Amino acid sequence: MSVTPETADDLIVIGKIYSIHGVRGEVKVYSFTDPIDNLLDYKKLTLRRGNDVRQAELVSGRSHNGKFLVVKLKGLDDRDEAGLLREFEICVPRNLFPELTDGEYYWYQLQGLKVINLEGQLLGKVVDLMETGSNDVMEVKPCPGSLDDRDRLLPYTEQCVLNVDLVAGEMKVDWDADF
């Protein structure tokens, strides 16, 4: 593993190291990819925790009960050394992501978009997305110019999200402000 002196602005977080596994330097990883083992497709990784940024190479990995990954990084052979990587985000450059078809978006593209209802009222900005059993849900928090100071959870469905304009930095939703 090598240390990188500066952080890269074009990195997307695809997972997070949360624990060690065994005595040979393997780490447990929460994967944010879908399916979770898609993270294993990326061999060159950037690890980031605050201003500490390091380059790493994936040697091997496997799914453990479908809940997390067990990952082996090149040059990481010691349990204590592996423990020092807790809470490091696993990142890759966005240009490595596959192209999507029209109307499809990665979550990172939706985060930060202004959310505007049919009446033209600003409801806030998308700060996070989460999976639920039936559909993804956007967490919308108030921002300067918002209609009110309410946090909202909006479904990311065709019925709710009418238009996404990445250039304008906004999405139009069919959502009553009184919900």
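Residues numbered from 1 in each chain as written. Predicted model: local features only at pLDDT ≥ 70, side-chain atom pairs only at ≥ 80, totals over all residues. Heavy atoms only, no water.

K.L.:
What should I look at first to understand the pattern of salt bridges in this one?
P.N.:
Side-chain pairs of opposite charge can arise where the charged atoms are in close proximity. All told, the structure shown has 11 salt bridges when counted by the stated rule. Across the salt bridge formed by E57 and K44, the nearest N and O atoms sit 3.4 Å from each other. Residue E57 is located in strand β5 (residues 52-64), and its partner K44 is located in strand β4 (residues 44-49); the two are separated by 13 residues in the primary sequence. Residue classification places K44 among the exposed positions, given a relative accessible area of 57%. Put simply, E139 and K141 hold a salt bridge, and the shortest N to O gap is 3.4 Å. You can call K141 partly exposed: its relative accessible area is 30%. A cluster of three or more residues bridged by salt bridges with shared partners is formed by K44, E57 and K74. (Salt bridge = Lys/Arg side-chain N within 4 Å of Asp/Glu carboxyl O. Helix = DSSP H or I, 4+ residues; strand = E, 2+ residues; numbered from the N terminus. Buried < 20%, exposed > 50% of the residue type's maximum accessible area, 1.4 Å probe, protein only.)

K.L.:
Is there a simple way to think about the domain arrangement of the chain in this case?
P.N.:
How big an interface is tends to be reported as the loss of accessible area on association of its parts. The domains assigned to the chain are domain 1 (11-96) and domain 2 (107-173). On a C-alpha basis, the centroid separation for the pair domain 1 and domain 2 is 30 Å. (Domains from an automatic or database assignment.)

K.L.:
Whenever I open this one, the side chain of S146 confuses me. Can you help?
P.N.:
Position of S146 relative to the elements: it lies in the loop between β10 (136-141) and β11 (152-155). A polar side-chain atom of S146 sits 2.7 Å from the main-chain amide nitrogen of C143. Leaving out residues up to four positions away in the same chain, S146 has contacts with L122, L123 and G124. (Polar contact = N/O pair within 3.5 Å; in protein donor to acceptor, adjacent residues only side chain to side chain. Contact = heavy atoms within 4.5 Å.)

K.L.:
I'm lost on the UniProt feature "domain: PRC-barrel" (unreviewed entry) in the chain in this one. Help?
P.N.:
Residues annotated in UniProt with the feature "domain: PRC-barrel" (unreviewed entry) correspond here to residues 103-174. Spanning residues 103-174, this segment combines 6% helix with 46% strand, and its end C-alpha atoms are found 17 Å apart. (UniProt positions renumbered as here; feature names shortened; annotations may be inferred.)

K.L.:
Would you mind showing me how to read the nonpolar core here?
P.N.:
Here is a general trend for soluble globular proteins: nonpolar side chains tend to be buried in one another's company. Judged by nonpolar contacts, the single largest core of 23 residues is most densely connected at I17, V29, L47, V71, L73 and I90. Within the residue set of this core, elements represented by two or more residues are β2 (11-21), β3 (26-31), β4, β5, β6 (68-73) and β7 (89-93). Looking at this core element by element, the count peaks at four residues for β2. Setting aside residues no more than four positions away along its own chain, V29 makes contact with K16, I17, Y18, L39, F68, L69, V71 and I90. Judged by nonpolar contacts, the second largest core, of 15 residues, contains L110, V115, L123 and M138. (Core = buried A, V, L, I, M, F, W, Y, C linked by side-chain atoms within 4.5 Å.)

K.L.:
Sorry if this is basic, but what is going on with the UniProt feature "domain: RimM N-terminal" (unreviewed entry) in the chain here?
P.N.:
The UniProt feature table records "domain: RimM N-terminal" (unreviewed entry) at residues 13-95. Strand forms 54% of residues 13-95 and helix 6%; the C-alpha atoms that close the span are 13 Å apart.

K.L.:
Can you walk me through unusual backbone geometry in this structure?
P.N.:
Peptide bonds are trans in most cases, and residues, glycine excluded, mostly fall at negative phi. The omega angle of the peptide bond from D34 to P35 is 0 degrees, so this bond is cis rather than trans. Tracing the chain through its elements places P35 in the loop between β3 and β4. For N65, which is not a glycine, the phi torsion comes out positive at approximately 60 degrees. Here N65 is to be found in the loop between β5 and β6. Residue classification places N65 among the exposed positions, given a relative accessible area of 63%. Here E87, not a glycine, exhibits a phi torsion of approximately 75 degrees, which is positive. Along the chain, the position of E87 falls in the loop between α1 (79-83) and β7.

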